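Now for the letters of each chain:
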Amino acid sequence: MTNPLEFPKTLHDRQLAVVDVEGNGQNPPEIIEIAVLPVDGPTTPDALRSWLIHPQQPVTPIVTRKVHGITNADLADCPPWPGVAEEIDEALCGRVLVAHNATVERKVLTAHLPDWNPPLILDTLKLAKKVWRGLDSYALDKLIERGQLDTSAIAGQGHHRAGYDTWAAWQLLCALITDGELDWPGLITAAGLPEFVPKSEPEGGLW
């Protein structure tokens, strides 16, 4: 078994922001919870930051019941998005975004922060499919089991709460880098969203 808490040398001198968002179930979705783990080196759950946010539209009963368990009552006294947007933007600014199924985080964050422009986005879902091939499921909870990742440090939260999922995604990233023996270019190729992956050079030839 790999030790997922060991900080991979691949990430030395990199500035990351591991992120998870939870939504209100509406269309378009509004963020009601977001967690950001800034990574500048070996880190602990103490570095994790999270926000609960009061949406304009109520949380739908089905996402409360089947996904994250967050109710409208939980958000009644929380700030609206404009009250926290600058703080969250500062937490993300200039950092490589890491998330599980990162296209979701990217879409929602871009809608909420139109000027946000990350230098790179790494997707642990894409990475897991490259490193741990042939699994029946690549859902985050199944990957936690597969990697024997220790999520006990996030007390009082479970799967589909932003803080828990963010910490789990961070541990998953470390485990996958270690198991895949990936350097930084290899990590970008394996986990980067398509527009961030360098195009391969064509084979040599006159044409």
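What counts and what doesn't
Along each chain, the written sequence defines residue order, and numbers are assigned to residues from 1. For this predicted model, a pLDDT threshold of at least 70 governs which residues receive local features, and a threshold of 80 or more governs which side-chain atom pairs are given and counted, while totals over whole chains, interfaces and linings are taken from all residues. Each side-chain value is derived from all of the structure's non-hydrogen atoms; neither hydrogens nor water enter the calculation. Only DSSP runs of H or I with at least four residues qualify as helices, and only runs of E with at least two residues qualify as strands; both kinds are numbered from the N terminus onward. Accessible area is worked out with a 1.4 Å probe on protein chains only. A residue is then buried under 20% of its type maximum, exposed over 50%, and partly exposed in between. Only heavy atoms enter the contact rule, under which two residues are in contact if any of them lie within 4.5 Å. Per-residue accessibility takes into account occlusion by the displayed protein chains alone, with areas from the Shrake-Rupley method and a 1.4 Å probe. When charges are counted, neither His nor the chain ends are considered; positive counts come from Lys and Arg and negative counts from Asp and Glu. By convention, charge coordinates are those of NZ in Lys, CZ in Arg, CG in Asp, or CD in Glu. What the arc covers is the set of directions going from the helix axis to the C-beta atoms. Think of it this way: a Phe, Tyr or Trp ring, Trp meaning its six-membered ring, pairs with another when their centres are within 6.5 Å, and the plane angle makes it stacked under 30 degrees, edge-to-face over 60, tilted otherwise. Two conditions define a charge located above a ring, namely a distance within 6 Å from the ring centre to NZ of Lys or CZ of Arg, and an angle within 35 degrees of the ring normal. Both site types are read off a 1 Å grid over the protein atoms alone. A 1.4 Å probe that fits but cannot get out defines a cavity, while an open set with protein on both sides within 12 Å along at least five of seven lines defines a pocket; lining residues have an atom within 4 Å of a point. Grid points are joined across faces, edges and corners, and a volume is the space filled by probe spheres set on the points. Note that Gly is not counted as nonpolar here; it falls among the polar residues with everything else outside the nonpolar set of Ala, Val, Leu, Ile, Met, Phe, Trp, Tyr, Cys and Pro and the charged set of Asp, Glu, Lys and Arg.

### Thoughts on the overall build of the protein chain
Reasoning step 1: Across its full length, the protein chain holds eight helices and five strands.
Reasoning step 2: Secondary structure elements of the protein chain, listed N to C terminal, follow the sequence β-β-β-α-α-α-β-α-β-α-α-α-α.
Reasoning step 3: Per-residue burial over the protein chain gives 48% buried out of 207 residues.
Reasoning step 4: Counted over contacts in the protein chain with a minimum sequence separation of 6, partners at least 24 positions apart contribute 65%.
Reasoning step 5: When the accessible surface of the protein chain is totalled, it reaches about 11,000 Å², and 51% of it is carbon and sulfur.
Reasoning step 6: Distance between charge centres in the protein chain, computed from 16 positive and 28 negative side chains, equals 7 Å.

### A short note on the environment of Lys66
Reasoning step 1: On the secondary structure map, Lys66 appears in helix α1 (residues 61–68).
Reasoning step 2: Residue classification places Lys66 among the exposed residues on the basis of a relative accessible area of 62%.
Reasoning step 3: For the pair Lys66 and His160, spaced 94 residues apart in sequence, the C-alpha to C-alpha distance is 9.7 Å.

### Details of α1
Residues that lie three or four places apart on an α-helix share one face, since the helix turns once every 3.6 residues.
Reasoning step 1: Within the span of α1, buried status applies to Val63, Thr64 and His68. Considered in projection along α1, the buried side chains sweep an arc of 105 degrees and stay on one side of the axis. Seen from the buried face of α1, the exposed residues on the opposite side, beyond 90 degrees, are Pro61, Arg65 and Lys66.
Reasoning step 2: Next to the buried residues of α1 lie β1 (16–23) and β2 (31–39).
Reasoning step 3: One or two residues past the end of α1 sits Gly69, with phi positive at roughly 80 degrees.

### As for the packing of aromatic side chains
Reasoning step 1: Enumeration over the complete set of coordinates arrives at one aromatic pair.
Reasoning step 2: Above the plane of the ring of Trp132 lies Arg146, whose end atom (NZ or CZ) is 4.3 Å from the centre.

### Comments concerning the layout of surface pockets
Reasoning step 1: If you add up the space inside the largest pocket, you get close to 600 Å³.
Reasoning step 2: Surrounding the largest pocket, 30 residues form its lining, Asp20, Val21, Glu22, Val104 and Glu105 being those nearest its centre.
Reasoning step 3: Put simply, the parts of the chain that give the lining of the largest pocket at least two residues each are β1, α1, α4 (102–112) and α7 (162–180).
Reasoning step 4: Within the lining of the largest pocket, the residues separate by chemical class into 15 nonpolar, nine polar and six charged.

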